[in-house]
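Coordinates in review
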Amino acid sequence: MLNPKKLKFLTEKYEKENSNLKLQEEFIALPGLNPISGKFYAKHEALSSDDDPPVDYVNLVKRSASSIPKDHYQFPPPCVNMQYGWFNEPLIARSMDKRLYFPITQCDFIKQEIYIREMQKTLPENKFEGVPFRL
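Residues numbered from 1 in each chain as written. Predicted model: local features only at pLDDT ≥ 70, side-chain atom pairs only at ≥ 80, totals over all residues. Heavy atoms only, no water.

Secondary structure assignment for the protein chain yields 4 helices and 0 strands. Counted from the first residue to the last, the protein chain has its helices and strands arranged as α-α-α-α. For the protein chain, the accessible surface area stands at approximately 14400 Å², while carbon and sulfur atoms represent 58% of it. (Helix = DSSP H or I, 4+ residues; strand = E, 2+ residues; numbered from the N terminus. Areas by Shrake-Rupley, 256 points an atom, 1.4 Å probe, with all protein chains shown as cover.)

Below is the structure:
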């Protein structure tokens, strides 16, 4: 038999927890969340390969993939981290004059790595002939 004080405490605790729970019975497509695993009983995952996906879901994925933070917020950036890239118009007009404009087309490290791979492309690849992992 449970102690009455403990029983009262537990019932109060569970009532508070249950008052904050909301059972979601309708599927809502959220492109930012990946499901942990597929559910065999879910209606939205029961599409066969012959069926076309719902147009609403396809449009939702396209819209979320092409959206930028400016689409979500109608006001200036709410935090300092979002200021980078928010204002994409330069303060001073960029001159494309060849005397003043020197764009870096490729990093030295990447250029060297591409050169090494091109040189090694012609070398024959030998299969592993050492001691096998299993005896």
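Anyway, onward from the coordinates.
With that settled, consider the environment of Asp 56. Counting through the fold element by element, Asp 56 comes out in helix α2 (residues 55-66). Judged by relative accessible area, Asp 56 falls into the exposed class, the value being 62%. Between the alpha carbons of Asp 56 and Ala 29 there is a distance of 9.3 Å; along the sequence they are 27 residues apart. (Buried < 20%, exposed > 50% of the residue type's maximum accessible area, 1.4 Å probe, protein only.)

Bringing the pattern of salt bridges into the picture now. Applying the stated criterion across every chain yields a total of 3 salt bridges. Arg 99 is paired through a salt bridge with Asp 97; the nearest N and O atoms lie 2.7 Å apart. What makes Arg 99 exposed here is its relative accessible area of 66%. Accessibility expressed as a relative area gives 25% for Asp 97, which makes it partly exposed. One salt bridge in this structure joins Glu 118 and Lys 121, with 3.1 Å as the shortest N-O distance. (Salt bridge = Lys/Arg side-chain N within 4 Å of Asp/Glu carboxyl O.)

The next subject is the confidence of the model for the protein chain. On average, residues of the protein chain score 77 in pLDDT, and 78% of them are at 70 or above. Predicted confidence in the protein chain is weakest over helix α3 (residues 69-72), with a mean pLDDT of 74, and strongest over helix α1 (residues 4-20), with 90. (pLDDT = per-residue confidence, 0-100.)

Next up on the list: α2. Compared with the 16 Å implied by 1.5 Å per residue over 12 residues, the 17 Å span of α2 between its first and last C-alpha is a close match. In terms of residue burial, α2 counts as a barely covered element, since only 0 of its 12 residues are buried. (Expected span 1.5 Å × (residues − 1).)

Side chains of Ile 28, Leu 30 and Leu 33 sit close together on the surface and give an oily, nonpolar patch of about 320 Å² of accessible area. In this structure, Ile 28 sits in the loop between α1 and α2. (Patch = residues over 30% accessible without salt bridge, like charges linked within 9 Å, V, L, I, M, F, W, Y side chains within 5 Å.)

For the rest of this paragraph, the subject is α1. The terminal C-alpha atoms of α1 lie 25 Å apart, and with 17 residues this matches the ideal 24 Å at 1.5 Å per residue to within 8%. With respect to burial, α1 is a largely exposed element, only 0 of its 17 residues being buried.

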